[in-house]
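Letter by letter, the chains look like this.
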Amino acid sequence: MQRYRYTDLMDFSARLLECAGLAPECAETVGSLFLEADLLGYSTHGMQRLPTNVEWLLSGETRREGDHTVVSASRSSEVWDAAFLPGPWITAKAVDRACDIATTEGTGTLVVRRAQHIACLASYLERATRRGIMVMITASTPTEAVVVPHGGLSRVFSCNPIAAGIPTDRDPILIDTTAAMSALGPLNRSYRLGQTLPVPLIISQDGRITGDPAEFVERGGGILPIGGTEQGYKGFSLALLTEALSGALGGFGRTSQSGDSEANGVFVQAIDPAHFSGRASFEREMGRLAALCRASAVAPGHDPVRIPGDRSLARKRDQLENGVGLIDTIVDDILPWASKLGCSFPTPI
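Scope of this entry: the structure provided in the associated data block. What you see is a predicted model, and the numbers here were worked out from it, not measured in a lab. (Residues numbered from 1 in each chain as written. Predicted model: local features only at pLDDT ≥ 70, side-chain atom pairs only at ≥ 80, totals over all residues. Heavy atoms only, no water.)

Describing the sheet that holds strand S2 (residues 69–73)
Our working definition: What makes two strands pair is DSSP finding at least two bridges between them. Working definition: helices are DSSP H or I runs of at least four residues, strands are E runs of at least two. Numbering for both runs from the N terminus. The axes are straight lines fitted to the C-alpha atoms, using for helices just the contacting stretch, and the angles between their N-to-C directions are given from 0 to 180°. The contact definition used throughout considers only heavy atoms, calling two residues in contact when any of these lie within 4.5 Å.
Reading across from one edge, S2-S3-S4-S11-S5-S6-S7 is the order of the 7 strands in this open sheet, with mixed pairing throughout. Bordering the open sheet on either side are S2 and strand S7 (173–178), each of which pairs with just one other strand. For this sheet, the mean angle separating the axes of adjacent strands, direction not counted, is 15°. The sheet contact formed by S2 and strand S3 (residues 77–81) spans 4 bridges and is antiparallel. If you follow Ala73 over to S3, its bridge partner there is Glu78. Helix H9 (residues 233–246) contacts strand S4 (107–115), strand S5 (134–140), strand S6 (161–166) and strand S11 (264–271) of the sheet and is inclined by roughly 100° relative to S5.

Details of helix H4 (residues 87–105)
Quick reminder of the rule: By definition here, a helix of n residues has an expected span of 1.5 Å times n minus one. Partly exposed describes any residue whose relative accessible area lies between the buried limit of under 20% and the exposed limit of over 50%, with all areas from a 1.4 Å probe on protein chains only and scaled to the type maximum.
Helix length check: H4 (19 residues) gives 26 Å between terminal C-alpha atoms against 27 Å at 1.5 Å per residue, within 8%. Within the sequence span of H4, burial applies to Gly87, Pro88, Trp89, Ile90, Thr91, Ala92, Ala94, Val95, Ala98, Cys99, Ile101 and Ala102. Check the buried side of H4 and you find it contacts helix H2 (24–40), S3, S4, helix H5 (125–129), S5 and S11. Backbone geometry just downstream of H4 places Gly106 in the positive-phi region, at approximately 100°.

Points about helix H11 (residues 310–322)
For H11, which comprises 13 residues, the first-to-last C-alpha distance of 18 Å matches the rise-based estimate of 18 Å (1.5 Å per residue) to within 8%. Those residues of H11 not exposed but buried are Asp310, Ser312, Leu313, Lys316 and Gln319. Elements that come into contact with the buried residues of H11 comprise strand S1 (2–4), H2, H5, S7, helix H10 (279–294) and strand S12 (324–326). Positive phi shows up at Gly323, right after H11, with a value of about 110°.

Let's talk about the packing of helix H1 (residues 6–19) against helix H3 (residues 50–59)
The line we're drawing: Angles below 35 degrees are treated as roughly parallel, those above 145 as roughly antiparallel, those between 65 and 115 as roughly perpendicular, and all remaining angles as oblique. Crossings are assigned a handedness: left-handed for a near helix turned anticlockwise from the far helix by less than a right angle, right-handed for a clockwise turn.
Closest axis-to-axis distance for the H1/H3 pair is 10 Å, and the angle between their directions is 20°. Here H3 runs roughly parallel to H1, going by the angle between their axes. With respect to the hand of their crossing, H1 and H3 are arranged in right-handed fashion. Contact with H1, carried on its side by Phe12, Ser13, Leu16 and Leu17, involves Leu50, Val54 and Leu57 of H3 and no other residues of that element.

Things to note about the side chain of Glu144
In this fold, Glu144 is placed in the loop between S5 and S6. Ignoring any residue separated from it by four or fewer positions in sequence, one finds Glu144 in contact with Val156, Phe157, Ser158, Cys159, Leu184 and Arg254.

Brief notes about the packing of aromatic side chains
Convention followed: For Phe, Tyr and Trp, rings pair up if their centres lie within 6.5 Å, where Trp contributes its six-membered ring, and each pair is then called stacked (planes under 30 degrees apart), edge-to-face (over 60) or tilted (otherwise).
With the rule as written, the count across this model stands at 3 aromatic pairs. Their ring planes at 75° and their centres at 5.0 Å tell us that Phe12 and Phe345 sit as a pair that is edge-to-face. You can see Phe12 sitting in helix H1 and its partner Phe345 sitting in the segment after helix H12 (328–340), a full 333 residues away along the chain. The exposure classification of Phe12 matches that of Phe345, with both residues buried. By way of ring pairs, the aromatic residues Tyr4, Phe12 and Phe345 are connected into one cluster.

Notes on the packing of H2 against H11
Formally: Classification convention: Asp, Glu, Lys, Arg as charged; Ala, Val, Leu, Ile, Met, Phe, Trp, Tyr, Cys, Pro as nonpolar; all other residues, Gly among them, as polar.
Packing of H2 against H11 brings their axes to within 7 Å, and their N-to-C directions diverge by 110°. The angle between H2 and H11 falls in the class roughly perpendicular. Between H2 and H11, the residues in contact are Glu36, Asp38, Leu39 and Leu40 and Ser312, Leu313, Arg315, Lys316, Gln319 and Leu320, respectively. Taken together, the residues of the contact of H2 with H11 break down into 4 nonpolar, 2 polar and 4 charged.

Right under this line is the structure:
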């Protein structure tokens, strides 16, 4: 791993996406959201996504121009059809719009269909929490089937990430998880590097549980839902919920789609505490609750309790000051596209 200045990577990412056909404002937004994922530690969904997105832009799989269509709207909710616009661009707009509605109505709910892959959900959370607004996001990929239902062997669901940003009187709580035992990014990276997964989370076609990613990539095994073989009904339930929110509500459900596009259905809900107990009260309560958790007694030799987001925000502060760390395989994947489009990759610090 080598470190690079954040500003250098930001300039490069935006320039590369512009060369692939995006307008400057859109390119800057998409590039910044990929980099935000790296800052927070989600490196499989950060600049790792640049090559695929450049390829989609050049091939026309991602739409480079235009805007979304509003399919339906009420005072507090809207459904958008993105028609394969860049996922990070349209999702950032959806979060901002949901927050705008929430400041007026108390809650704002957006469902976006046919957004090209939206990458890391955690990247969007501080767009809301910096405004004192709580946000929840979930997404699904209707044409992707990689996760099995509890008790089954057939792939049915995508990994269906779930995220939430909760303002406090200190750092926000940043939750980014999934209904599956693993997202595809870490699994595919382990396969590429020849590594065994940290825990057995793949079920083979004959029912064996294994940590070998090749069982998934090469032989059709499925990812288990959260809870594994014993309590996978929990992840299975979350998968059904996320499909309802991000797919069925927007008319972009799994059973009505075909093809191999990575387009996502996205659900965004913003809640402004000012319309409930008040922002100060809400932030004080959540801040004190987080403090209680951090102060929890732990077993001898164990690290203190961390709140979701603690490690990510500490990593972000460190990387903004000391450089963003990128492993060699990420850079190796980007360099051919940088050369093809005439964009020089930054020099390491």
